[in-house]
Amino acid sequence: MMPRLCPIGQSGSSPTEAVDVNGRGGICVSATEDRISSQMSFMTHSVCVAAAALLVSIGAQSDKPPTPTPEQTEFFDTKIRPVLFDTCGECHLEDENGGLRIDSREALVKGGENGPAVVPGDPEKSLLIHAIRRDGTGPRMPKEGPRLSDDTIAAFMQWIKDGAPWPPEKANR
Ligand code: HEC
């Protein structure tokens, strides 16, 4: 199709080449560009909004519990859950000593009077680790009980490093 010419602009500028839109006659390139650029800025804006929304959802997701792999579930059920419920549960379930409950990931992340007990991914920032290591920066746990074994302490550190994945309760528990 032959290019058409636009009417000469008000300012007397030279005619601009027209483009064909759906074969229904041409519209002026400059007009098209205007339209495109306003559409573009709208699109750019939408893209920004979408990107921001995505970032927010990623941000929110980073605090979402990771889905445990079967190995992590096994690890948790053999090394972590029994200690939490059997050893710590005596004082950190109904009693909530120190304001701390230990029966969910959420509760441990929220922590007690002194803030988060577990900082997923960061054992060194986790009060729980300092407490069970009895390294002097926090209470000594389990209170009034023997120190946990080095293996158990290492297991807790590993678990927190992994992001503290908390598998759902087994149906038969
Ligand atoms: C005999 C009771 C008892 C047992 C068992 C016990 N705790 Fe505690 N825990 C307490 C008390 C009481 C506090 C409050 C601080 C204090 O008095 O030392 C506390 C505080 C804590 C805190 C600090 C909470 C805060 O924000 O101040 C953590 C973390 C903690 N316990 C973890 C554990 C873990 C992990 C276990 C199991 C390995 C455990 N505790 C077992 C009684 C207990």
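Whatever comes next refers back to the structure up there.
**A closer look at the environment of Glu113**
Here is step 1 of the chain: Here Glu113 is to be found in the loop between helix H3 (105-110) and helix H4 (127-133).
Here is step 2 of the chain: Take Glu113: there are 9 C-beta atoms within 10 Å of it, and that puts it in the exposed class.
Here is step 3 of the chain: For the pair Glu113 and Gly98, spaced 15 residues apart in sequence, the C-alpha to C-alpha distance is 5.7 Å.
Here is step 4 of the chain: The contact partners of Glu113, leaving out residues within four places of it in the chain, are Gly98 and Gly99.

**Thoughts on the site of the ligand**
Here is step 1 of the chain: The full set close to the ligand counts 26 residues, and Cys88, Cys91, Asn97, Gly98 and Gly112 are the nearest of them.
Here is step 2 of the chain: If you list the elements that add at least two residues to the shell around the ligand, you get helix H2 (70-92) and H4.
Here is step 3 of the chain: Residue contributions to the shell around the ligand peak at 6 residues, all from H2.
Here is step 4 of the chain: In terms of residue class, the shell around the ligand is made up of 13 nonpolar, 9 polar and 4 charged.

**Quick notes on helix H5 (residues 150-161)**
Here is step 1 of the chain: Between its first and last C-alpha atoms H5 spans 16 Å; for 12 residues at 1.5 Å apiece the expected length is 16 Å, and the two agree.
Here is step 2 of the chain: Within H5, the full set of buried residues consists of Phe156, Trp159 and Ile160. In a view along the axis of H5, the buried residues occupy a sector of 95°, so they form one face of it. Across H5 from its buried face, at more than 90 degrees, point the exposed residues Asp150 and Asp151.
Here is step 3 of the chain: Buried residues in H5 make contact with H2 and H4.

What counts, and at which threshold
Residues numbered from 1 in each chain as written. Predicted model: local features only at pLDDT ≥ 70, side-chain atom pairs only at ≥ 80, totals over all residues. Helix = DSSP H or I, 4+ residues; strand = E, 2+ residues; numbered from the N terminus. Buried ≥ 20, exposed ≤ 12 C-beta atoms within 10 Å, placed from the backbone. Contact = placed C-beta atoms within 7 Å. Near = placed C-beta within 6 Å. Nonpolar A, V, L, I, M, F, W, Y, C, P; charged D, E, K, R; others polar. Expected span 1.5 Å × (residues − 1). Arc of directions from axis to C-beta.

Function-wise, these values are silent; they only describe arrangement.
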